[in-house]
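Spelled out from the first residue to the last, the chains are:
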Amino acid sequence: TLGGFIAAVARDYALGQFESNMPVRAKELRTLLGRLGPALVKIGQALSARPDLLPRTYLEALSELQDRLPSFPTEIAFAVIEEELGAPVDQVFLEMSELPVAAASLGQVYKARLKDGTDVAVKVQRPNIGETIAVDMLLLRRLMGVVDKQLPAIGVRAAAGRGGAGCGGGWVGGWVGGWVGEAGLSVVDFVDVGIECTLRQLLEHGYFHADPHPGNLLATRGGDLVYLDFGMMSEAPQYARYAIMAHVVHLVNRDYEAMCKDYYTLQFMDPSVDTTPIAPALAAFFDDVLDSSVSTLNFKAIVDGLGEVLFQYPFRVPAYYALILRSLTVLEGLALQADPNYKLLAKAYPYMAKRLLTDPAPELRESFEDLILKDGQFRWNRLENLLREGSKSQDFD
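Rules of the game
Residues numbered from 1 in each chain as written. Predicted model: local features only at pLDDT ≥ 70, side-chain atom pairs only at ≥ 80, totals over all residues. Heavy atoms only, no water. Helix = DSSP H or I, 4+ residues; strand = E, 2+ residues; numbered from the N terminus. Contact = heavy atoms within 4.5 Å. Areas by Shrake-Rupley, 256 points an atom, 1.4 Å probe, with all protein chains shown as cover. Buried < 20%, exposed > 50% of the residue type's maximum accessible area, 1.4 Å probe, protein only. Phe/Tyr/Trp six-rings, centres within 6.5 Å; stacked < 30°, edge-to-face > 60°. Lys NZ or Arg CZ within 6 Å of the ring centre and 35° of its normal. Salt bridge = Lys/Arg side-chain N within 4 Å of Asp/Glu carboxyl O. 1 Å grid on protein atoms, 1.4 Å probe; cavity = no way out; pocket = protein on both sides within 12 Å on 5 of 7 lines; lining within 4 Å. Points joined across faces, edges and corners; volume = space filled by probe spheres on them. Nonpolar A, V, L, I, M, F, W, Y, C, P; charged D, E, K, R; others polar. pLDDT = per-residue confidence, 0-100. Pairing = 2+ DSSP bridges. Arc of directions from axis to C-beta. Core = buried A, V, L, I, M, F, W, Y, C linked by side-chain atoms within 4.5 Å. Patch = residues over 30% accessible without salt bridge, like charges linked within 9 Å, V, L, I, M, F, W, Y side chains within 5 Å. Axes fitted to C-alpha atoms, helices over the stretch in contact; angles between N-to-C directions. Parallel < 35°, antiparallel > 145°, perpendicular 65-115°, else oblique.

With that settled, the discussion passes to the overall build of the protein chain. Per the secondary structure count, the protein chain includes 16 helices and 12 strands. In the protein chain, the proportion of contacts linking residues at least 24 apart, taken out of those at least 6 apart, comes to 64%. Of the roughly 20700 Å² that the protein chain leaves accessible, carbon and sulfur atoms contribute 57%.

Rendered as structure tokens:
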């Protein structure tokens, strides 16, 4: 049980054996979470990309929860495929791997070839997964109820059928092969691309992948970034996308009163709530943070610090915003494993600068003017900085 694991770690610490027993405890935690069901596996997956929370030994062990969970028997998987497709496996596929190429919390994947020679990935759900998830959600809801009886439910939009042929217990989609090392990319270069992709999904299209852990990302031989598993997607409405950009400008300008008004637009606060008292609290936190260069700012540290400020006031974080934070912190956590000095905000700023310089939307023209004009005076240093940073974006013209 989790209680037994925590007791064992506490005993190691008390006896001075914390470091020496860490490899054993890390494997025990991985096995325990894998046995406790999909919800706990998802928690383990998130923790595996957070070197700021766990030692490397734990990160390496928990990373196996991404795609190397124990598989269920292939005989059962093939029976599910045959039931769903209404025909024996050998009548539908020219060939199929005898063992799964990957196994995760909700299912496992086989590599197969159709009769016309097309390589495909066949994903099969774990048996009784619906009932298991229902029990996990019930337990988690009760746990959260202990923490906060008013905790709002956070919903996500499922898109499991996109890009392939779906059925009740399985899914068939195009096969994409590759990994970071094979494509000649470093992990940091890989995450840089992922950050710009995430920002484009979010701020241009308003529909983004909310679960970009290492098991859901790969690089092709040609160096392209590929997102897998669209089971956790979310949408950001148009008004929110412009408000996020405006919020960044107000933060750079240290215009805390305007930031407070942004919270109405972002639907963080009810219009009936007076946000005036929040401005001094924001100033107390961000004045110290902004004394540093953007290149030295840690995204998670800012999120955590801002969370402490906002916790004192009646904020409600919309579901889409919580998933934005999750997506970006997972990417930053992945990069931190390769480079402890990696700063997500420094990598995201070129895209933001490019949008401010090139997007004709009236809302962003207003944000651009707010950034480079002050009391009717043109701030040339701001424009120079925007041009310099914007030119680093991949499609800047």
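Read on, since the account is not over.
A positive phi is found at Q267, a non-glycine position, where the angle reads about 65°. The topology assignment puts Q267 in the loop between helix 10 (256-265) and helix 11 (278-289). Positive phi, normally seen in glycine, also occurs at D375, with a value near 55°. On the accessibility criterion, D375 (73% relative accessible area) is exposed.

All right, on to the side chain of E389 then. Mapped onto the elements, E389 comes out in helix 16 (residues 380-390). Among the residues examined, E389 registers a relative accessible area of 13% and is labelled buried. Every residue in contact with E389, bar those within four places of it in the chain, is listed here: Y349, P350 and A353.

Before going further, it helps to examine the packing of aromatic side chains. Here the structure, examined in full by the defined rule, presents five aromatic pairs. Here the aromatic rings of Y263 and F268 are separated by 5.7 Å at their centres, their planes lie at 5°, and the arrangement is stacked. With centroids separated by 4.9 Å and ring planes inclined at 70°, the aromatic side chains of F285 and F286 adopt a geometry described as edge-to-face. Directly above the aromatic system of F368 lies the positively charged group of R365, at a separation of 5.1 Å from the ring centroid.

Tallying each qualifying case throughout the model produces nine salt bridges. Across the pair K392 and E389 runs a salt bridge, and its minimum N-O distance is 3.2 Å. Given the relative accessible area of 53%, K392 is considered exposed. Through salt bridges that share partners, D12, R25 and E28 make up one connected network.

As a further point, take the layout of surface pockets. Of the pockets and cavities examined, the second largest pocket occupies roughly 310 Å³. As for the second largest pocket, its lining consists of 21 residues, of which G34, R35, L69, P70 and R126 are closest to the centre. Of all the secondary structure elements, the ones that give two or more residues to the lining of the second largest pocket are helix 2 (22-36), helix 3 (38-47) and helix 7 (129-147). Per element, the largest residue contribution to the lining of the second largest pocket is four residues, and it comes from helix 2. Its residues placed into classes, the lining of the second largest pocket shows nine nonpolar, seven polar and five charged.

Looking now at the confidence of the model for the protein chain. Averaged over every residue, the pLDDT of the protein chain is 78; the share at 70 or more is 82%. No element of the protein chain has a lower mean pLDDT than strand 5 (residues 164-166), at 45, and none a higher one than strand 1 (residues 93-96), at 91. Confidence drops under pLDDT 50 across residues 150-168; counting only partners more than four residues distant or on other chains, this segment forms 38 contacts. Across residues 178-183, where pLDDT falls below 50, the model places 14 contacts with residues more than four positions away in sequence or in other chains.

Before going further, it helps to spend a moment on the pairing of strand 4 (residues 119-125). The side chains of a regular strand alternate between both faces of the sheet. Bridging between strand 3 (residues 107-114) and strand 4 involves seven bridges; their strand directions are antiparallel. Directly across from G107, in strand 4, lies its bridge partner Q125. The antiparallel pairing of strand 3 with strand 4 creates a hairpin that spans four residues between the two strands, and G117 there sits at a positive phi of about 95°.

Every buried residue belonging to helix 16 is among R382, L383, L386, E389 and G390, and all of these are buried. Axial view of helix 16: buried residues confined to an arc of 135°, hence all on one face. Across from the buried face of helix 16, at angles greater than 90 degrees, the exposed residues are W380, N381 and E384. Next to the buried residues of helix 16 lie helix 9 (238-252), helix 14 (344-358), helix 15 (362-372) and strand 12 (377-378).

Core analysis: the largest hydrophobic core is formed by 66 residues, its most contacted members being Y263, L282, F286 and L386. Considering each element in turn, this core owes the most residues, nine residues, to helix 13 (residues 319-338). Setting aside its immediate chain neighbours within four residues, F286 contacts L251, Y256, M259, I302 and L306. With 17 residues, the next largest nonpolar core counts V9, L29, L32 and L40 among its residues.

What follows deals with a nonpolar patch on the surface. A grouping of L106, I133 and M137 is seen on the molecular surface, where their side chains present a nonpolar patch of about 220 Å² in accessible area. Mapping L106 onto the fold places it in the loop between strand 2 (102-103) and strand 3.

Running from amino to carboxyl end, helix 8 (residues 187-205) crosses helix 9 at an angle of 120°, the nearest separation of the two axes being 8 Å. Together, L202, L203, E204 and H205 of helix 8 and R241, I244 and M245 of helix 9 make up the contact between the two elements. Per-class residue counts for the contact of helix 8 with helix 9 are four nonpolar, one polar and two charged.

Turning our attention to the packing of helix 15 against helix 16. Put simply, helix 15 and helix 16 touch, their axes get as near as 8 Å, and they point 125° apart. When the axis of helix 15 is compared with that of helix 16, the two are oblique. Residues F368, L371 and I372 of helix 15 lie in contact with helix 16, whose contacting residues are R382, L383 and L386. Partitioned by chemical class, the residues of the contact of helix 15 with helix 16 number five nonpolar, no polar and one charged.

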